[in-house]
Amino acid sequence: QVQLVESGGGLVQAGGSLRLSCAASGRSFSRTPMGWFRQAPGKEREFVSAISGSGGNTLYADSLKGRFTISRDNAKNTVYLQMNSLKPEDTAVYFCAARKSDYSISYTYKNGYAYWGQGTQVTVSS
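Residues numbered from 1 in each chain as written. Predicted model: local features only at pLDDT ≥ 70, side-chain atom pairs only at ≥ 80, totals over all residues. Heavy atoms only, no water.

Q: Sorry if this is basic, but what is going on with a nonpolar patch on the surface here?
A: Where nonpolar side chains cluster on the molecular surface, the patch consists of Leu59, Tyr103 and Tyr107 and spans about 320 Å² of accessible area. Note that Tyr107 resides in the loop between β9 (92-99) and β10 (113-116). You can call Tyr107 partly exposed: its relative accessible area is 31%. (Patch = residues over 30% accessible without salt bridge, like charges linked within 9 Å, V, L, I, M, F, W, Y side chains within 5 Å. Areas by Shrake-Rupley, 256 points an atom, 1.4 Å probe, with all protein chains shown as cover. Salt bridge = Lys/Arg side-chain N within 4 Å of Asp/Glu carboxyl O. Helix = DSSP H or I, 4+ residues; strand = E, 2+ residues; numbered from the N terminus. Buried < 20%, exposed > 50% of the residue type's maximum accessible area, 1.4 Å probe, protein only.)

Q: Looking at this structure, I do not really get the environment of Ala61. What am I missing?
A: Structurally, Ala61 is set in the loop between β6 (58-60) and β7 (68-73). Looking at Ala61, the relative accessible area reads 16%, which means it is buried. Residues Ala61 and Glu6, spaced 55 residues apart in sequence, show a C-alpha to C-alpha distance of 20 Å. Those residues in contact with Ala61, other than ones at most four positions away along the chain, are Phe47 and Val48. (Contact = heavy atoms within 4.5 Å.)

Q: Looking at this structure, how should I read the pattern of salt bridges?
A: Pairing is possible between side chains that carry opposite charge, provided their charged atoms lie close to one another. Across all of its chains, the model carries four salt bridges by this definition. The salt bridge partner of Asp90 is Arg67, with a shortest N-O separation of 2.8 Å. In this pair, Asp90 is assigned in the loop between β8 (78-83) and β9 and Arg67 in the loop between β6 and β7, connecting sequence segments 23 residues apart. Given a relative accessible area of 0%, Asp90 falls into the buried group. Using a relative accessible area of 11% as the deciding quantity, one classes Arg67 as buried. Within the structure, one salt-bridge network assembled from shared partners comprises Arg38, Glu46, Arg67 and Asp90.

Q: What is the right way to read the layout of surface pockets from this model?
A: If you roll a probe as big as a water molecule over the atoms, it shows you where there is empty space left. Each pocket or cavity is described by its volume, and for the largest pocket that value is around 290 Å³. Lining of the largest pocket is provided by 20 residues; of these, Val2, Ser28, Thr32, Arg99 and Tyr115 occupy positions nearest its centre. Of all the secondary structure elements, the ones that give two or more residues to the lining of the largest pocket are β9 and β10. Of the residues that constitute the lining of the largest pocket, the class distribution is 10 nonpolar, six polar and four charged. (1 Å grid on protein atoms, 1.4 Å probe; cavity = no way out; pocket = protein on both sides within 12 Å on 5 of 7 lines; lining within 4 Å. Points joined across faces, edges and corners; volume = space filled by probe spheres on them. Nonpolar A, V, L, I, M, F, W, Y, C, P; charged D, E, K, R; others polar.)

Q: Sorry if this is basic, but what is going on with the packing of aromatic side chains here?
A: For any pair of aromatic rings, the description consists of the separation of the ring centres together with the inter-plane angle of the planes. Summed over the entire model, instances satisfying the criterion amount to four aromatic pairs. When the ring of Phe37 is compared with that of Phe47, the centres are 5.6 Å apart and the planes differ by 75 degrees; the resulting orientation is edge-to-face. Note that Phe37 is positioned in strand β4 (residues 34-39) and Phe47 in strand β5 (residues 46-51), a separation of 10 residues in sequence. This pair shows no difference in class: Phe37 is buried, exactly as Phe47 is. Against the face of Phe95 rests Arg45, its NZ or CZ located 3.7 Å from the ring centre. Of note, Arg99 hangs over the ring of Tyr107, and the distance from its end group to the ring centre comes to 4.0 Å. (Phe/Tyr/Trp six-rings, centres within 6.5 Å; stacked < 30°, edge-to-face > 60°. Lys NZ or Arg CZ within 6 Å of the ring centre and 35° of its normal.)

In structure tokens, the structure reads:
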């Protein structure tokens, strides 16, 4: 019964910043690892970042580490993705996702997540 709603996307020039938010329902949010994925037209959905339930551990795609920061506020049932120094190749629909309970699945693998938001469009122009 988890419902995820992303917001914060939009149009930004290269070098700019955006902060995405994902509001989650459910009483188990604080012990549920969360992830961000993105998908450009004609491409597979790809891993962006993940965060543990407590927020104490984070993981990033190698190409994004240093520019993107994931965080969460469990009191608000919300996970965030701060995106800095944006590039045109960051243009995609960004999805928030909640992990499955199977801990053997890599955090970078989309099939390790059970629930998905509707996505929010991020467009980076030159």
